[in-house]
Amino acid sequence: HYKAARASSEDFPSSWLGRHAMLRASLAWAAAVTTGAFEPLSWEEASEKAEATLARMDLPLLHVSGLCQRQLFANNLLFQDQGTTADGSPYYGVAGYYIYRDPSCDGKKHTAPRWILSETAPKSHRHSDLDDDGECSKEAHTLAGDAHGPPMGTHKWQMQCSDSDEVSGHEITLRMVPQGE
């Protein structure tokens, strides 16, 4: 009597599994290209996108330093201007991290505005509670600064720095630097 055996990942060498995953990804890409899911840009569209990118390369970058060990992921990153939020405040981003001003992080009118360093992009069309969760998170934040930009220089930011969920104040430095510096 024949009994079908089910293969597990332990039955194959890891190099085969890696090649198998690459082959699946290549086939998915090829299917997308041949079914029309992928359409290359026209020369005009590509040129417009390239020009827009080059124009942004003249903008200074926002350098962040002084974050504690738990927040080390964003230390010394150079954030690029991403545009403005609904209240006209600039917001910055790099590698999946964002700095933005939320006029009211929980959406309540008596909550003070704050600048936030987050892994969540702000919903820039909203006027308050830009992460749309109805509460003020424990992400790194400061009440310093105004709607025109985050507080430049060294200021106290509240953030989680230990294994607990408690936030504590730490001196963070923000400065604008020209691109290429």
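Residues numbered from 1 in each chain as written. Predicted model: local features only at pLDDT ≥ 70, side-chain atom pairs only at ≥ 80, totals over all residues. Heavy atoms only, no water.

Colleague: Before we go on, may I ask you to explain unusual backbone geometry in this structure?
Modeller: Most of the time, phi is negative for any residue but glycine, and the peptide bond is trans. We note that Asn76 has phi near 70°; this positive angle belongs to a residue other than glycine. Relative to the helices and strands, Asn76 is located in the loop between strand S1 (61-65) and strand S2 (78-84). The phi dihedral of Asp129 falls on the positive side, at around 50°, and the residue is not glycine. Looking at the secondary structure, you find Asp129 in the loop between strand S5 (114-118) and strand S6 (140-142). A residue is classified by how much of its surface remains accessible, and Asp129, at 4% relative accessible area, is buried. (Helix = DSSP H or I, 4+ residues; strand = E, 2+ residues; numbered from the N terminus. Buried < 20%, exposed > 50% of the residue type's maximum accessible area, 1.4 Å probe, protein only.)

Colleague: Got a minute to help me understand the environment of Ser65 in this structure?
Modeller: Relative to the helices and strands, Ser65 is located in strand S1. The class for Ser65 is buried, based on a relative accessible area of 17%. Placed 109 residues apart in sequence, Ser65 and Leu174 show a C-alpha to C-alpha distance of 6.7 Å. Residues within four places of Ser65 in sequence aside, it is in contact with Asn75, Asn76, Ile172 and Thr173. (Contact = heavy atoms within 4.5 Å.)

Colleague: Teacher, can you tell me more about the pairing of S5 here?
Modeller: Looking along a regular strand, one sees the side chains alternate between the two faces of the sheet. S5 sits mainly inside the fold: 5 of its 5 residues count as buried. Covered by surrounding structure in S5 are Arg114, Ile116 and Ser118 together with Trp115 and Leu117, the residues of both alternating faces. For strand S4 (residues 97-102) and S5, the ladder comprises 5 bridges, and the chain directions are antiparallel. Pairing of Arg101 across the sheet is with Trp115, part of S5. Two strands pair when backbone bridges link them, and S5 and S6 are joined in this way by 3 bridges, in the antiparallel orientation. Bridge pairing in S6 places Ile116 opposite His141. (Pairing = 2+ DSSP bridges.)

Colleague: Can you help me understand the pattern of salt bridges in this one?
Modeller: When their charged atoms lie close together, side chains carrying opposite charge are able to pair. As enumerated under the stated definition, the model contains 2 salt bridges in all. A salt bridge links Arg101 to Asp87; the nearest nitrogen and oxygen atoms lie 2.6 Å apart. Taken together, the residues span a long stretch of sequence, with Arg101 in strand S4 and Asp87 in the loop between S2 and strand S3 (90-94) at a distance of 14 residues. On the basis of relative accessibility, which here comes to 13%, the residue Arg101 falls in the buried class. The salt bridge partner of Arg126 is Asp132, with a shortest N-O separation of 3.2 Å. Since its relative accessible area comes to 26%, Arg126 is described here as partly exposed. (Salt bridge = Lys/Arg side-chain N within 4 Å of Asp/Glu carboxyl O.)

In short, shape yes, function no, at least from these values alone.
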